[in-house]
Amino acid sequence: MEDKLITLAILTFEKAQILRTILETEGIDVYIHNVNQIQPVISAGVRVRIKESDLPHALRIIEDNHWFEEKEEESTPKTQKILIPVDFSEYSFKACEVGIHYAHKVGGEVMIMHAYFAPYFPMAVPMGDTLAYQVSEEETLQYQMVQVKKDMENIRTHIDRKMAAGELPQVPYDYTLREGLPEEEILAFSKEYHPSLVVMGTRGKSQKDLDLIGSVTGEVIDLNHGPVIAIPENVKFSDLNQVKNIGFATSFRDRDLVAFDQFMEVIQPFENVHIHLFNISTSRNEWNEIRLSGVKDYFLKHYPDANITHTVLKDGDLLDAIDSFVHEKEIDMIALSSNRRNIFARLFNPSIARKMLFHTDTALLVMNTTN
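Draft legend 1. Up close: the overall build of the protein. The number of helices and strands found in the protein is 12 helices and 13 strands. Among the 371 residues that make up the protein, the fraction classed as buried is 47%. Within the protein, contacts between residues at least 6 apart in sequence are counted, and of these 76% link residues at least 24 apart. About 19,900 Å² of surface is accessible on the protein, with carbon and sulfur atoms providing 51% of the total.

Draft legend 2. View of the sheet that holds strand β4 (residues 81–85). Pairing is mixed in the open sheet, where 10 strands are placed in the order β6-β5-β4-β7-β8-β13-β12-β9-β10-β11. A strand with exactly one partner marks an edge of an open sheet, and here the two such strands are β6 (173–179) and β11 (307–311). Ignoring strand direction, the axes of neighbouring strands in this sheet form an average angle of 25 degrees. In terms of strand pairing, strand β8 (residues 228–232) meets strand β13 (residues 363–367) through 3 bridges, oriented antiparallel. In the strand pairing of β13, A230 is matched with L364. Where helix α4 (residues 90–106) meets the sheet, it contacts β4, β5 (109–116), β7 (197–202) and β8, and its direction lies at approximately 155 degrees from that of β7. In the packing of helix α10 (residues 318–329) onto the sheet, contacts are made with β9 (245–250), β10 (274–279), β11 and β12 (333–337), and the angle to β10 comes to roughly 155 degrees.

Draft legend 3. Structural detail: the packing of helix α6 (residues 182–193) against helix α7 (residues 216–223). For the pair α6 and α7, the least separation of the axes is 9 Å and the interaxial angle reads 35 degrees. In terms of crossing hand, the pair formed by α6 and α7 is right-handed. Touching P182, E183, I186 and L187 of α6 are V216, E219, V220 and L223, all from α7. The residue inventory of the contact of α6 with α7, partitioned by class, reads 6 nonpolar, no polar and 2 charged.

Draft legend 4. Representation of the sheet that holds strand β1 (residues 5–11). Taken in spatial order, the 3 strands of this open sheet run β1-β3-β2, and their pairing is antiparallel. In this open sheet, the two edge strands, each paired with only one partner strand, are β1 and β2 (30–33). Between one strand and the next, the sheet's axes are offset by a mean angle of 30 degrees, whatever the strand orientation. The pairing of β1 with strand β3 (residues 46–51) spans 6 bridges and is classified as antiparallel.

Draft legend 5. Representation of the packing of aromatic side chains in the model. Inspection of the entire model under this criterion finds 10 aromatic pairs. Measuring from ring centre to ring centre gives 5.9 Å for Y102 and F270, while their planes differ by 45 degrees; the resulting arrangement is tilted. Residue Y102 is found in helix α4, and its partner F270 is found in the loop between α8 (255–267) and β10; the two are separated by 168 residues along the sequence. On the basis of relative accessible area, Y102 is assigned to the buried category, the value being 3%. With a centroid separation of 3.7 Å and an interplanar angle of 5 degrees, the aromatic rings of F260 and F299 are classed as stacked. Here the residue F260 occupies a position in helix α8, and F299 occupies one in helix α9 (residues 287–302), the gap between them amounting to 39 residues. Among the residues examined, F260 registers a relative accessible area of 0% and is labelled buried.

Draft legend 6. Fine view of the pattern of salt bridges. According to the stated counting rule, one finds 8 salt bridges in the structure shown. Between K51 and D29 there is a salt bridge, with its nearest N and O atoms 3.6 Å apart. With K51 in strand β3 and D29 in the loop between α1 (13–25) and β2, this residue pair connects regions lying 22 residues apart in the sequence. For D29, a relative accessible area of 39% gives the class partly exposed. Its salt-bridge partner being E97, residue K162 comes within 2.7 Å of it at the nearest N-O pair.

Draft legend 7. Here's a closer look at the nonpolar core. Ranked by size, the top nonpolar core spans 56 residues in total, and within it F248 and F263 carry the most contacts. Examining the composition of this core, we find that 8 residues originate from one element, α4, more than from any other. Residues in contact with F263, not counting those within four places in the same chain, are I246, F248, I275, A335, L365 and M367. Counting 28 residues, the second-largest nonpolar core is a separate cluster that includes I322, F325, A353 and V366.

Draft legend 8. Just α7, in detail. Taking burial as the measure, the 8 residues of α7 include 6 buried ones, the bulk of the element. Along α7, the residues that are buried comprise T217, G218, E219, V220, I221 and D222.

Draft legend 9. A look at α8. Taking 1.5 Å per residue, 13 residues should reach 18 Å; α8 reaches 18 Å between its end C-alpha atoms and fits that length. Taken across its 13 residues, α8 has 11 buried, putting it largely inside the fold. By the burial criterion, the buried members of α8 are R255, D256, L257, V258, A259, F260, D261, F263, M264, V266 and I267.

Draft legend 10. Examining the side chain of K94 more closely. Here K94 is to be found in helix α4. Buried and unpaired, K94 has E97 as its nearest opposite-charge partner, separated by 5.1 Å.

Draft legend 11. Fine view of unusual backbone geometry. Positive phi is not limited to glycine here, since H194 has a value of about 55 degrees. A relative accessible area of 60% places H194 in the exposed class. Unusually for a residue other than glycine, E330 sits at a positive phi of about 55 degrees.

Parameters at a glance
Residues numbered from 1 in each chain as written. Predicted model: local features only at pLDDT ≥ 70, side-chain atom pairs only at ≥ 80, totals over all residues. Heavy atoms only, no water. Helix = DSSP H or I, 4+ residues; strand = E, 2+ residues; numbered from the N terminus. Buried < 20%, exposed > 50% of the residue type's maximum accessible area, 1.4 Å probe, protein only. Contact = heavy atoms within 4.5 Å. Areas by Shrake-Rupley, 256 points an atom, 1.4 Å probe, with all protein chains shown as cover. Pairing = 2+ DSSP bridges. Axes fitted to C-alpha atoms, helices over the stretch in contact; angles between N-to-C directions. Left-handed = near helix turned anticlockwise from the far one by under 90°. Nonpolar A, V, L, I, M, F, W, Y, C, P; charged D, E, K, R; others polar. Phe/Tyr/Trp six-rings, centres within 6.5 Å; stacked < 30°, edge-to-face > 60°. Salt bridge = Lys/Arg side-chain N within 4 Å of Asp/Glu carboxyl O. Core = buried A, V, L, I, M, F, W, Y, C linked by side-chain atoms within 4.5 Å. Expected span 1.5 Å × (residues − 1). Lys, Arg positive; Asp, Glu negative; His and termini not counted.

Printed below as a string of structure tokens:
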């Protein structure tokens with residue numbers, strides 16, 4: 001009988017290489033999967049795989065090895081941080097409610113962020129008018145700052161009242177104001193703050209097609225390093241604990257394996273979640289059923305307690321097929337991976353995540369991968 005390969009650990013590239021060296025020194029064959037071939041050192045979620053028959057031996061080596069023990073000692077629990085960018089719209093309030101409920105569930109904290117753009121228009125100004133122009137510009141900026149602070153106080157008052165009334169759980173939260181282009185400031189602050197999850201509101205189907213390229217939420221989805229949840233204004237829930245059916249999209253690529261691990265981390269606090277795997281290719285292909293079944297079995301081996309089924313999308317237009325799937329399975333949220341791409345690709349070939357962002361009123365959970 002063929003000796004199957006099983007995943008022993010999912011590590012960074014550097015630590016995967018260390019574990020590989022330790023095991024091979026003890027005579028165990030090791031196979032490294034999911035490595036970024038162009039830049040191996042930035043690979044995320046590298047899988048260390050061994051033969052199933054070697055598992056008992058490998059586990060004994062890991063238990064006795066000081067490197068692995070030190071790794072466990074160094075990994076101290078950290079408070080999860082939830083970043084909620086807002087623009088003071090109604091759907092921003094919805095995003096705040098979702099983010100605060102999630103932070104309470106995971107014992108985390110919330111940072112509410114607003115980025116405002118103060119435009120500067122270079123022009124030829126006569127020397128005699130320079131002072132007057134500068135005064136006018138300063139007055140405009142001061143007025144804008146006063147208005148932004150007022151809007152932020154309004155949203156804080158809204159949250160505090162709901163917390164006091166028991167409509168929102170009590171969680172620690174703060175806010176920050178940034179001047180600049182919203183999408184750029186959100187991404188820059190995210191690199192500083194290191195949130196475990198970004199929650200953003202969106203208008204969903206009511207957005208115009210022309211907004212597809214310039215949407216702040218779309219830019220963050222494409223470029224943020226961590227998972228992002230987009231909450232349409234018409235979504236029926238304000239607490240992710242109410243989500244019962246989640247569709248996980250797969251294109252049968254290695255990056256989906258990394259994305260699924262990130263996805264499971266996000267939904268880990270919630271019970272009775274039904275995960276519906278589905279393909280994002282509607283071409284008539286007899287292999288879709290076979291491949292989906294194989295992906296489901298693979299995920300179940302790593303998460304045996306998960307409730308996972310699979311559905312092959314109907315042939316035809318992809319977004320229409322997804323709409324039918326969402327309706328038939330009563331999907332509350334769609335999860336998918338979206339690897340970061342260059343600006344040319346984003347402009348002329350919007351990702352499936354961006355297309356879905358403007359096509360559906362279903363919440364989206366996007367995991368960004370580098371593979």
